[in-house]
Amino acid sequence: MKKWCLLMLTICVLAGCGVQTRDEERLKDLEFTVLDPEKIPEELRNVLEEKKAEPFKVTYEDEGYTYICVGYGEQKSSGYSIIVEDLYLTSNAVYVETELLGPGNGEETAAATTCPYIVLKLENMGKSVVFQ
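Trainee: Before we move on, could you go through the overall build of the protein chain and cite the residues and values that matter?
Mentor: Assigned secondary structure in the protein chain consists of 2 helices and 8 strands. For the protein chain, the succession of helices and strands along the chain, N to C, is α-β-β-α-β-β-β-β-β-β. In the protein chain, which comprises 132 residues, the proportion classed as buried is 30%. Sequence-distant contacts, at least 24 apart, represent 72% of the contacts inside the protein chain between residues at least 6 apart.

Trainee: So, the nonpolar core: which residues are in play, and what are the values?
Mentor: The tendency in soluble globular proteins is for nonpolar side chains to be buried as a group. Grouped together as the largest cluster of nonpolar side chains are 13 residues, with contacts concentrated most on Ile68, Leu87, Val94 and Val96. Residue assignment for this core shows that the elements contributing at least two residues are strand S4 (65–72), strand S5 (81–89), strand S6 (93–101), strand S7 (117–123) and strand S8 (128–131). Dropping the residues within four chain positions of it, Ile68 is found in contact with Val58, Leu87, Val94, Val96, Ile118, Val119, Leu120, Leu122, Val129 and Phe131.

Trainee: How would you explain empty space enclosed by the protein if you had to name every residue and give the values?
Mentor: As enumerated under the stated definition, the model contains 1 cavity of 30 Å³ or more in all. Roughly 40 Å³ of internal volume is contained in the largest cavity. Along the walls of the largest cavity sit Thr66, Ile68, Val94, Leu122, Glu123, Asn124, Met125, Gly126, Lys127 and Val129, which together make up its complete lining. Looking at the lining of the largest cavity, the elements with two or more residues in it are S4 and S7. For the lining of the largest cavity, the residue count by class is 5 nonpolar, 3 polar and 2 charged.

Trainee: Can you explain the sheet that holds strand S2 (residues 33–34)? Please cite residues and give values.
Mentor: Spatially, S2-S7-S4-S3 is the arrangement adopted by the 4 strands of the open sheet, whose pairing is antiparallel. One side of each edge strand has no neighbouring strand; the edge strands of this open sheet are S2 and strand S3 (55–62). Bridge count for S4 against S7 is 7 bridges, and the pairing is antiparallel. Each bridged residue has a counterpart across the sheet, and for Ile68 the counterpart in S7 is Leu120. Packing against the sheet, helix H2 (residues 42–51) makes contact with S3, S4 and S7, and its axis sits at approximately 170° to S3.

Trainee: Explain the pairing of S4 residue by residue, including any values.
Mentor: Of all the 8 residues making up S4, 6 are buried; the element is thus mostly covered by neighbouring parts of the structure. When S3 meets S4, the two strands line up antiparallel, connected through 8 bridges. Bridged to Thr59 within S4 is Ile68. Here S3 hands over to S4 after 2 residues, with Glu63 in that stretch at a positive phi of 50°.

Reading the values: the criteria
- In every chain, residue numbers begin from 1 and rise along the written sequence.
- The model is predicted, so local features are restricted to residues of pLDDT at least 70 and side-chain atom pairs to those at 80 or more, both for listing and for counting; the totals for chains, interfaces and linings are taken over all residues.
- Side-chain figures throughout are based on the complete set of non-hydrogen atoms in the structure, without hydrogens or water.
- Runs of E in the DSSP output that reach at least two residues are strands. Runs of H or I that reach at least four are helices, and both are numbered from the N terminus.
- In this scheme, a residue with accessible area under 20% of its type's maximum is buried, one over 50% is exposed, and one in between is partly exposed, where area comes from a 1.4 Å probe on protein chains only.
- Between two residues, a contact is recorded if the distance between any of their heavy atoms is within 4.5 Å.
- The set of buried Ala, Val, Leu, Ile, Met, Phe, Trp, Tyr and Cys residues whose side-chain atoms join them within 4.5 Å is what this entry labels a nonpolar core.
- Buriedness for pockets is judged along seven lines, at least five of which must meet protein on both sides within 12 Å for an open set on the 1 Å grid over protein atoms alone, while cavities are sets there where a 1.4 Å probe fits but cannot get out, and lining residues have an atom within 4 Å of a point.
- Grid points are joined across faces, edges and corners, and a volume is the space filled by probe spheres set on the points.
- Gly counts as polar in this scheme, as do all residues outside two lists: the nonpolar Ala, Val, Leu, Ile, Met, Phe, Trp, Tyr, Cys and Pro, and the charged Asp, Glu, Lys and Arg.
- Think of it this way: DSSP has to see at least two bridges between two strands before they count as a pair.
- Note on definitions: angles span 0 to 180 degrees between N-to-C directions of axes, and those axes are lines fitted to C-alpha atoms, for helices only across the stretch in contact.

So, in structure tokens, the structure goes:
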């Protein structure tokens, strides 16, 4: 019974995130800006501050822009970075793929807990966002 409930909960959560098939044709790559923390709208910054200890995927719309936020939760050291692998538009959605990169070989790191996340700002396309 627990597995059934967990499966249903997972399906509901994924449906709420705008899960789509990848059969859609890519219309164009999208231009975006990676925001520094001080440039993130205050309301969004407060949400991210609450969520950053756990992995998250959040979208936010404000004044004609969409903000796509991806966090990777707590990491045990410094030196992590996030890259945008892909960000493109289809007829039904905006697709985004990011990757967490760990510290490089030989890179000095601090043994402090960090919570890496990225905030992308792009023109609002009026489409749902699909995280890959």
